[in-house]
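# Examining the three-dimensional arrangement
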Amino acid sequence: PMQHSDWFNYGGLYREISLMRLPAAFIREARAVLLPGGREARFAIVLSEAVDTTAQIDVPELGLSLSVLIRGGRGEAKIPFAGQTWSPEAPRLYNVRFSCGADQVDERIGFRTVEARGTEILLNGETLRLKGVCVHEDDLALGKVSTEADVRRRFRHVKELGGNFLRLSHYPHHEHVARIADEMGLLLLAEIPVYWAIAFDNTDTYADAENHLRELIARDVNRASVILWCVGNENADTDARLSFMSRLAQAARRADPTRLVGAACLINRETFAIEDRLAEHLDVIGLNEYFGWYEPDFSGLDRLLANSNPGKPVIVSETGADALPGHRGAGRVLFTEDWQAEFYRQQVRRLAATPYVAGIAAWLLYDFRTERRQTRFQKGFNRKGLIAEDKTTRKLAFWALSELFAEWRS
């Protein structure tokens with residue numbers, strides 16, 4: 001991997017590989033979604049061949065058995081929805097079977113709506129407050145392999161924290177992540193690795209990025225837990241970047257108009273405000289800020305929040321402070337558990353009082369490996385985890401943030 005990276009970015013075969021025997025005309029896409037307003041569901045099928053035929057959609061729990069005409073390899077149907085919506089509090093899933101000819105696709109699907117209105121994010125028409133963390137796919141024993149047991153432990157820790165939201169940083173995570181989140185009732189931001197050193201003026205690079213995005217959307221389009229597609233992280237506001245990322249936002253909406261589109265943006269340091277030309281093309285503005293850590297105090301955060309009038313929901317997509325497990329000290333002593341906990345108290349108090357802040361994704365759940373981090377406290381790890389790299393040892397900040405999430409308006 002390139003040196004300009006800040007996670008354990010090695011590759012190889014770290015995901016399962018399957019061979020599938022398919023008929024000549026197979027189901028390439030099978031989608032089900034609750035339409036805005038929550039009263040009507042739409043089902044769509046796209047075949048691998050432009051044939052005319054008939055498909056079948058069955059949802060036994062809704063008493064639904066529907067024949068769908070397929071013309072030129074495509075077909076869709078809309079029906080009134082009388083079921084229970086999916087939410088973190090009640091993650092109701094329905095068995096949905098799509099069949100056509102010799103092919104069949106079985107899905108477990110939750111029906112819900114998500115939208116941005118003013119500076120709020122709404123789930124099923126109700127104001128949503130996102131309280132969560134960022135996560136990497138990284139494990140001391142497994143490397144980048146992400147087993148189901150590891151994912152379930154990760155989600156249990158988020159639930160114990162009192163969270164309802166995860167940012168899947170900074171690349172598509174394993175496909176079973178969103179399936180398990182559907183089951184357990186957690187909300188997800190899914191992301192592609194348009195990260196830092198990107199050749200924004202290179203047409204092949206753009207094609208690669210859009211392919212990442214389209215494949216991610218095609219894979220997770222039926223996952224109720226995924227509410228936000230993120231098209232990039234911390235990229236300087238240049239003309240080439242604006243063109244590149246605005247086209248990605250457009251591509252996301254073409255591929256899936258039912259979810260929100262966002263990106264982790266940078267602060268305009270001239271006006272010291274949440275301002276980014278890309279924001280015009282986004283539904284949700286991501287803000288990465290580390291006031292109280294990389295910047296010594298919180299006065300800059302006060303100034304930033306007061307100066308800003310984004311007109312859209314803002315998610316603080318990263319904020320955090322390093323802490324070496326067991327290292328203690330009073331006051332602003334860096335790398336202590338005490339300062340990490342106080343950092344979050346200061347941060348959340350300010351963010352919770354800011355009307356346009358719709359949520360926070362703390363950086364991050366577990367300490368993880370990164371070769372860039374080589375101080376005597378880090379030794380090859382980013383120590384901003386609420387839990388140590390053993391995925392067992394909770395730091396003081398875990399409990400502090402848990403209390404803050406419980407107090408934050410729902």
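Read on for a plain summary of the structure. Every chain begins its residue count from 1, and numbering advances along the sequence as written. Since the coordinates come from a predicted model, pLDDT governs what is reported: local features require at least 70, and pairs of side-chain atoms require 80 or more to be given and counted, while whole-chain, interface and lining totals use all residues. With hydrogens and water excluded, all non-hydrogen atoms of the structure serve as input to the side-chain values.

### Here's the deal with the sheet that holds strand β14 (residues 226-233)
The strands making up a sheet are joined through hydrogen bonds of the backbone, oriented either antiparallel or parallel. Each pair of strands is called paired provided DSSP finds at least two bridges between the two strands. The helix count covers DSSP runs of H or I at least four residues long, the strand count covers runs of E at least two residues long, and both are numbered beginning at the N terminus. Strand order in this closed barrel of eight strands is β11-β12-β13-β14-β15-β16-β17-β18, and the pairing throughout is parallel. Looking at each pair of strands side by side, their axes are set apart by 25 degrees on average, direction ignored. Bridge analysis of strand β11 (residues 130-135) against strand β18 (residues 357-362) gives four bridges, and the strand direction is parallel. Looking across to β18, one finds that L130 is bridged to G359. Angular values range over 0 to 180 degrees, each being the angle between N-to-C directions of two axes fitted as lines to C-alpha atoms, with helices fitted over their stretch in contact.

### Quick notes on the sheet that holds strand β6 (residues 94-100)
Taking strand neighbours across the sheet as the criterion, the four strands line up as β4-β3-β6-β7 in an open arrangement whose pairing is antiparallel. This sheet does not close on itself; its edge strands, each paired only once, are β4 (64-70) and β7 (103-109). Ignoring strand direction, the axes of neighbouring strands in this sheet form an average angle of 20 degrees. Where strand β3 (residues 53-59) meets β4, seven bridges bridge the pair, whose relative direction is antiparallel.

### A short note on the packing of helix α6 (residues 337-352) against helix α7 (residues 396-407)
Where α6 contacts α7, the axes come no closer than 8 Å and their chain directions differ by 20 degrees. In terms of orientation, α6 lies roughly parallel with respect to α7. Between α6 and α7 lies a crossing of right-handed hand. Facing E337, D338, Q340, A341, Y344, R345 and V348 of α6, the residues of α7 in contact are L396, A397, A400, L401 and L404. Here the word oblique covers every angle except those under 35 degrees (roughly parallel), over 145 (roughly antiparallel) and from 65 to 115 (roughly perpendicular). By convention, the crossing between two helices is left-handed when the near helix turns anticlockwise from the far helix through less than a right angle, and right-handed when the turn is clockwise. We call two residues in contact whenever any of their non-hydrogen atoms come within 4.5 Å of each other.

### Remarks on the side chain of H170
Inspection of the secondary structure puts H170 in the loop between β12 (165-168) and α2 (175-184). For every residue, the accessible area obtained with a 1.4 Å probe (protein chains only) is divided by the maximum for its type, and the residue is called buried under 20%, exposed over 50%, and partly exposed between those limits. The buried category is assigned to H170, whose relative accessible area is 2%. Residues adjacent in sequence count toward polar contacts only when both atoms are side-chain atoms; beyond that, a polar contact is any pair of N or O atoms within 3.5 Å, and within protein one must be able to donate a hydrogen and the other to accept it. Side chain to side chain, H170 and R167 meet in a polar contact 3.5 Å long. One polar contact links H170 to E191, side chain to side chain, over a distance of 2.9 Å.

### Observations concerning the nonpolar core
By nonpolar core is meant a set of buried Ala, Val, Leu, Ile, Met, Phe, Trp, Tyr and Cys residues that side-chain atoms within 4.5 Å join together. With 106 residues, the main nonpolar core has I121, F155, L248 and L401 as its most contacted residues. No other element matches helix α4 (residues 239-255), which puts eight residues into this core. Apart from the residues lying within four places of it in its own chain, the contact partners of L401 are L161, Y344, V348, A362 and L386.

### Details of the packing of aromatic side chains
Stacked, tilted and edge-to-face pairs are distinguished by plane angle, under 30 degrees for stacked and over 60 for edge-to-face with tilted covering the rest, among Phe, Tyr and Trp rings (Trp via its six-membered ring) whose centres lie within 6.5 Å. This structure, assessed with the given rule, holds 19 aromatic pairs. On the basis of an interplanar angle of 85 degrees and a centroid distance of 6.1 Å, the ring pair of W363 and F368 is categorised as edge-to-face. On the basis of relative accessible area, F368 is assigned to the buried category, the value being 2%. Ring centres 5.0 Å apart and planes at 75 degrees place the aromatic pair F398 and W399 in the edge-to-face group. Here the aromatic cluster, defined as three or more aromatic residues joined through ring pairs, consists of Y290, W293, Y294, F335 and F377. Distance and angle both matter: a charge sits over a ring if NZ of Lys or CZ of Arg is within 6 Å of the ring centre and within 35 degrees of the ring normal. Here R247 stacks its cationic end above the ring of Y206, 4.2 Å away from the centre of that ring. Against the face of F272 rests R303, its NZ or CZ located 4.2 Å from the ring centre.

### Remarks on the pairing of strand β15 (residues 260-265)
Put simply, side chains in a regular strand alternate between the two faces of the sheet. Of all the six residues making up β15, six are buried; the element is thus mostly covered by neighbouring parts of the structure. Residues L260, G262 and A264 line one face of β15 and the alternating positions V261, A263 and C265 line the opposite face, and both faces are buried. Sheet topology places β14 next to β15; four bridges connect them, and they run parallel. Considered in β15, the bridge of W229 is made with V261. Crossover handedness is defined here as right-handed if the route from the first strand over the helix to the second strand goes clockwise, with the strands pointing away from the viewer. In this fold, β14 hands off to α4, which returns the chain to β15; that crossover is right-handed.

### Observations concerning the pattern of salt bridges
Here, a salt bridge means any side-chain nitrogen of Lys or Arg that lies within 4 Å of a carboxyl oxygen of Asp or Glu. Per the stated rule, a full pass over the model turns up 37 salt bridges. Of the charged contacts in the structure, one is a salt bridge between R214 and E210, with a shortest N-O distance of 2.8 Å. Taken together, the positions of R214 and E210, both in helix α3 (residues 203-220) and four residues apart, correspond to about one turn of that helix. R214 gets classed as partly exposed once you look at its relative accessible area, which sits at 35%. By relative accessible area, which is 17% here, E210 ends up buried. Between D237 and R241 there is a salt bridge, with the nearest N and O atoms lying 3.6 Å from each other. Three or more residues joined by partner-sharing salt bridges are found here, namely D139, D150, R153, R154 and K391.

### Thoughts on the environment of T258
For T258, the position within the fold is in the loop between α4 and β15. Setting aside its immediate chain neighbours within four residues, T258 contacts V33 and V114. A polar side-chain atom of T258 sits 2.6 Å from a polar atom in the side chain of D256.

### Here's the deal with the packing of helix α1 (residues 148-161) against α2
In a pair of packed helices, the angle between the axes and the distance between the axes together describe the arrangement. At their nearest, the axes of α1 and α2 sit 10 Å apart, and the two run at 45 degrees to each other. Taken together, the axes of α1 and α2 are oblique relative to one another. Considering the relative orientation of α1 and α2, their crossing is right-handed. Of the residues in α2, those touching α1 at E148, V151, R152, R154, F155, R156 and K159 are H176, V177, I180, A181, E183 and M184. Note that Gly is not counted as nonpolar here; it falls among the polar residues with everything else outside the nonpolar set of Ala, Val, Leu, Ile, Met, Phe, Trp, Tyr, Cys and Pro and the charged set of Asp, Glu, Lys and Arg. Grouping the amino acids of the contact of α1 with α2 by side-chain chemistry returns six nonpolar, one polar and six charged.

Read these as spatial facts, not as claims about activity.
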